[in-house]
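Fold and contact review
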Amino acid sequence: MSFVLSLLVFLPLLASPLVYLLTRMNKRWGVYACLGLAAVVLGVATYISWQVIANPPAPGQYLLQEQYSWISFKSFGLDYFLGTDGLSSPLIFVSALLTLLAILGSRKLIDKHEPEYYALIFLFEGAIMGVFTSLNLILFYIFWEVVLIPMFFFIGVWGGPRRKYAAMKFILFTYAGSTIMLLGFLYVYLGMMPVPSFDIPSLAGHIPIGLQYLPLLASFIGFAVKLPLVPFHTWLPDAHVEAPSPISVLLAGVLLKMGGYGFLRISIGLFPKASVQYAWAFLAIGLFSMFYGAVAAVLQKDLKKMIAFTSINHMGFVLFGAYATLVSGNLLGIQGAILQMFTHALAVGSLFMLSGYIQHQAGTREIPSLKGLGLTMPRTAAILVLASGAAMGLPPFASFLAEFMVIAAGISAYTITAVSILVPVITAGYFLWMIKRTVLSLPEGTEVHDMDLGDLASFAVYLIPLVVLIVASYLILTPALPVAQFLRGLA
Amino acid sequence: MVDLITIAVALLGASSLLLPLLQLYNGRNWNLSGYILAAVLGAAILLVAVFTLNPTPVPWFGSLLSPDQLGGVFALVTLGVTLAVVVASLDFQRTSFNPVYYSLLSFTALGMLLLSYSTDLLMLFVAWELMSLPTYVLAGFDKRTQSNEAAVKYAVIGAMSSAIILYAISLSYGLTGSTQISAVAQWYFSHPASPLGGVAALLFVAGFGFKMSIVPFHMWIPDAYEGAPTPISTLLAAATKKAGFIAAIRVLLAVTTLYVVTRSPLFTMANVFAVLALLTMTVGNVSALTQKSMTRLLAYSSIAQAGYILIGFVAFTADPTSSAASLGLTGSIFHIINHAIMKGAAFLCAGLVLMQLKRADLGAYNGLARRMPITAFTMTIALLGLAGVPPLNGFWSKLLLFLSVSSPQFGWLAVAGILNSAFSLGYYAWIIKRIYIDEGESTERVKEPKWFVIVFAVLVGLMIGIGLFPQQAINFASGAVPNVLG
């Protein structure tokens, strides 16, 4: 039995107290240790992703499984059960990458309570790895809840002026959602008597249809808050705007993916029959979120808030693609959804990080007051244009491919959903308008205060994989194929 | 092996009687008596633990006491909390806690030890009074007016509940001709619908309910907890309340299992407990949300937790032979253990804040993380545990409890419990926000005495440790379940 996945989860969790002590003793060395440890975790994640790419597990199968009995008492049993497949491995990789980049970006942007900050980053990373690798519903729920705690403190302690409000709103929304999700899990468990189980592989495909409706609704609420879907999204603009930029990167790049992952692994994976019956509703909600996010983004003056609404728009694609496959049988939808999660993480992650730099250098994030970045901050402006291109879904960034696949699958489900093609158009529109106002306008002053080459290089790490992926999209799509086949087969 | 508990009883008895003499002998160093009591309690815990881990089924004190695992669990919990209270008292108010204070604590501990093992109604009542009477004095030990008022209120309510219990005992003796709990239970089994028996059962619910802080017998709790010196509030919330539960488990469950109060199928004991559980957790949580003072908030949260514990009683009384019953009762006992740890930690933190900052309102907690980082951390873990956030200990016991009542008949109670649990995070998170996110009046470090830090470290270790490895604790709790029906 392999122990790589446990290493992936527990290395960051154990690193957490260690970096706390190190950073307390010496900030400089503490940050170096953080970078080193995050790089090691990224190495482990890369190894795992490579394993999955090299031998993609067959539909319904998982790679690198670990299973031990954790609690067993009378009829109640609970396993520590980890595994990975083509759905989780891209998310594992991108989470490890973004954690490293967030730490890199935090050096300049975080200047108080560093020991606690870095300790919480690793707590977050470990918990998120647990979410993406758990194959037991209760274990999944535990990691899911643990993720909330560091995020609550990130927003509340290191956030902007309205951080208190944003932190409380975040925790109350997401906790309420996940409690309802837990109710759904318990309902399934008890409904499966006399052979109850929390293990995802043994539940998938074996839950009678009568037992699927209520848990589908419960898990929908839990995941819709995280993804987030309109109207469960109101915590997100507040949380994003108040969170420090490296944390916005993790929030948009990693935390939202928990919702998308949950929809694919649990809502569809465990309750496929009920999902198919109500797929039209999910498609409608997804479409509505896409449009709502795009239109709301047009109206934003705050750069960060605009990017936050872009996230709502982009994550709507994930839900839309997933359910389009269920209706039409066209595998592009789920494959596109998985690719979309990966590309969105990097594209929007880079935009959030960039907004942090812009605020740091220019002192504001208000789009109307940011003028002439092309002359005063040429490097920043160049990255802003490229990252916007990635977010718009402009070739040669792989986000183009993802959105294309999702829209294609949507059309094969219901032709009317062809209107979704308007979403990228609106997105392109407000990004270009933002670029026109910030980059192409005339500056008010002449002083140049740009990012240094090191920071510039860190942005390359966000954007280069997106370009590579449009050529080598098989890296994600090939392992994603059996996942899509499996989910379609269930329905 | 039975001698081990006899030795523990003798040690506590001796310390109760002899500690006041120190007042004559050494008028300066009050803490000496605290150290002695801590040592005695430590020894007693060790003795009980050794006995509980190597049990020998020998009748003990005739049929009055039975040294079973159920008693062992409760003896360990209550003595452990008392030890934490004694240790915290060492630093709390050096001047006013004299040897009499420690002697009274010792009496209470002795009462709780005997109560844990009682299998006879009269023995149980004597132990109950031995535990309760000293706490009436202790609640008013701090000679502030509010403390005295709270103590008087507590004493009057306590006396009333004792009277109710005594009346219930006399009724059940009149009906059954025995004070032996197993004999009483036997009678109830063969007379499942005696109206007078029903009255006695409901009187037991009311009498024990006062100590267990079940709604509607909870009114005294917030006042008493707020007025009493905080170590004593800790004792009341985390120890004597648990004594209420052991009495309820021994008597009520034995007496009322399968018992139908009237011939109507609606009015069964399981339904009575279900309604009480729902009321208790909801009233506790909703009232906690509006509190302005920390001790009152914790008091209401303690009421809410009693509601969760009652859920296991519902599962047990509904069908005592089912696996849901043993799951539920295990959950109850496990949650009692967890609640003692979590609430003990929370109250000790509140006590330390009160002692160092001289404030009990929630505003005192603003920015506490800068001023008292260890206390702030302990408080946070305790509150998250009370809210049932995984992977802390409170999560597991609540999960067992909710699973136990997920039959179609009582599924609504599980849903209500989970929603209550989610709701409670509302006010717990608000305190955590004050501690870590809000700015306080000052950022100056405040001293955290070493005894408190040691106790906090042990409690945090238990909360996280049980949370990560719950199997052992579940086994320990479930080992006590077969003792319930004798």
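1. Some words on the pairing of strand S1 (residues 63–73) of chain A
All names here are of chain A.
- Sheet analysis places S1 next to strand S2 (residues 76–84), joined by eight bridges and oriented antiparallel. Bridge assignment links Phe73 to a residue of S2, and that residue is Phe76.
- Between the antiparallel neighbours S1 and S2 lie two residues, among them Lys74 with a positive phi of about 50°.

2. Focus on helix H1 (residues 3–18) of chain B
- The end-to-end C-alpha distance of H1 of chain B, which contains 16 residues, comes to 22 Å, matching closely the 22 Å that a straight helix rising 1.5 Å per residue would cover.
- Among the residues of H1 of chain B, Leu4, Ile5, Ala8, Val9, Leu12, Gly13, Ser15 and Ser16 of chain B are the ones counted as buried.

3. Quick notes on the nonpolar core
- The biggest cluster of nonpolar side chains holds 397 residues, and the ones touching the most others in it are Tyr323 of chain A together with Phe208 and Ile333 of chain B.
- It is helix H14 (residues 323–357) of chain B that provides the largest number of residues to this core, a total of 20 residues.

4. Some remarks on the environment of Leu104 of chain B
Residue and element names in this part refer to chain B.
- Examined against the element boundaries, Leu104 turns out to sit in helix H5 (residues 99–117).
- Taking the C-alpha atoms as reference, Leu104 lies 37 Å from Glu444; in sequence the two are 340 residues apart.
- What Leu104 contacts, discounting residues up to four positions off in sequence, is Pro134, Val137, Leu138 and Phe141.

5. Quick notes on the confidence of the model for chain B
Residue and element names in this part refer to chain B.
- Taken over all residues, the pLDDT of chain B has a mean of 87, while the share at 70 or more is 93%.
- For chain B, helix H2 (residues 21–25) is the element with the lowest average pLDDT, namely 76, and helix H16 (residues 373–387) is the one with the highest, namely 94.
- Model confidence for the complex is summarised by a pTM of 0.92, with the ipTM given as 0.90.

6. What about the packing of aromatic side chains?
- Across all of its chains, the model carries 52 aromatic pairs over all chains by this definition.
- Taking the centre distance of 6.5 Å and the plane angle of 50° together, the rings of Phe410 of chain B and Trp412 of chain B count as tilted.
- An aromatic cluster is built from Phe132, Phe140, Trp144, Phe185, Phe220, Phe223, Phe232, Tyr261, Phe263, Phe282 and Tyr323 of chain A, whose rings are joined through pairwise contacts.

7. Some points on the environment of Glu448 of chain B
- Relative to the helices and strands, Glu448 of chain B resides in the loop between helix H18 (411–436) and helix H19 (450–468).
- A distance of 2.5 Å separates the side chain of Glu448 of chain B from the side chain of Thr375 of chain B, its partner in a polar contact.

8. Observations regarding the packing of helix H8 (residues 213–226) of chain A against helix H10 (residues 245–270) of chain A
Residues and elements named next belong to chain A.
- For the pair H8 and H10, interaxial distance at closest approach is 7 Å and the crossing angle is 160°. In this view, H8 runs roughly antiparallel relative to H10, as classed from their interaxial angle. Classified by chirality, the crossing of H10 by H8 is left-handed. Across the interface between the two elements, Leu216, Ser219, Phe220, Phe223, Ala224 and Lys226 of H8 pack against Leu255, Leu256, Met258, Gly259, Gly262, Phe263, Ile266 and Ser267 of H10.
- Here the contact of H8 with H10 is composed, by residue class, of nine nonpolar, four polar and one charged.

9. Some points on the interface of chain A and chain B
- On the side of chain B, 39 residues touch chain A, which itself brings 32 residues to the contact.
- Taken over both partners, the interface formed by chain A and chain B buries close to 3,000 Å², and the fraction arising from carbon and sulfur atoms is 81%.
- Considering only the surface of chain A that becomes buried against chain B, Phe73, Met168 and Tyr175 of chain A emerge as the three largest contributors, covering 20% of it.
- Counting every contact that joins chain A to chain B gives three salt bridges.
- A salt bridge links Glu439 of chain B to Arg163 of chain A; the shortest N-O distance between them is 2.5 Å.
- Run the count over chain A and chain B and you get seven residue pairs in polar contact (both at pLDDT 80 or more).
- Of all the secondary structure elements, the ones that give two or more residues to the side of chain A that touches chain B are S1, S2, helix H5 (137–158) and helix H6 (163–191) of chain A.
- Of the residues assigned to the side of chain A that touches chain B, the class counts are 23 nonpolar, five polar and four charged.

10. Topic: the pattern of salt bridges
- Per the stated rule, a full pass over the model turns up 19 salt bridges over all chains.
- One continuous salt-bridge network, built from bridges that share partners, spans Arg163 and Lys164 of chain A together with Lys433, Asp438 and Glu439 of chain B.

11. So, the packing of helix H12 (residues 269–289) of chain B against H18 of chain B
Residues and elements named next belong to chain B.
- One can describe the packing of H12 onto H18 by two numbers: an axis separation of 9 Å at closest approach and a directional angle of 15°. Between H12 and H18, the angle falls in the class roughly parallel. Like other packed secondary-structure pairs, H12 and H18 cross with a definite hand, here left-handed. Residues Ala274, Ala277, Leu278, Met281, Thr282, Asn285, Val286, Ala288 and Leu289 of H12 form the contact with H18, whose participating residues are Trp412, Leu413, Ala416, Gly417, Asn420, Phe423, Ser424 and Tyr427.

Conventions we followed
- Residues numbered from 1 in each chain as written.
- Chains lettered and ligands numbered in written order.
- Predicted model: local features only at pLDDT ≥ 70, side-chain atom pairs only at ≥ 80, totals over all residues.
- Heavy atoms only, no water.
- Pairing = 2+ DSSP bridges.
- Helix = DSSP H or I, 4+ residues; strand = E, 2+ residues; numbered from the N terminus.
- Expected span 1.5 Å × (residues − 1).
- Buried < 20%, exposed > 50% of the residue type's maximum accessible area, 1.4 Å probe, protein only.
- Core = buried A, V, L, I, M, F, W, Y, C linked by side-chain atoms within 4.5 Å.
- Contact = heavy atoms within 4.5 Å.
- pLDDT = per-residue confidence, 0-100.
- Phe/Tyr/Trp six-rings, centres within 6.5 Å; stacked < 30°, edge-to-face > 60°.
- Polar contact = N/O pair within 3.5 Å; in protein donor to acceptor, adjacent residues only side chain to side chain.
- Axes fitted to C-alpha atoms, helices over the stretch in contact; angles between N-to-C directions.
- Parallel < 35°, antiparallel > 145°, perpendicular 65-115°, else oblique.
- Left-handed = near helix turned anticlockwise from the far one by under 90°.
- Nonpolar A, V, L, I, M, F, W, Y, C, P; charged D, E, K, R; others polar.
- Buried area = accessible area lost by both parts, 1.4 Å probe.
- Salt bridge = Lys/Arg side-chain N within 4 Å of Asp/Glu carboxyl O.

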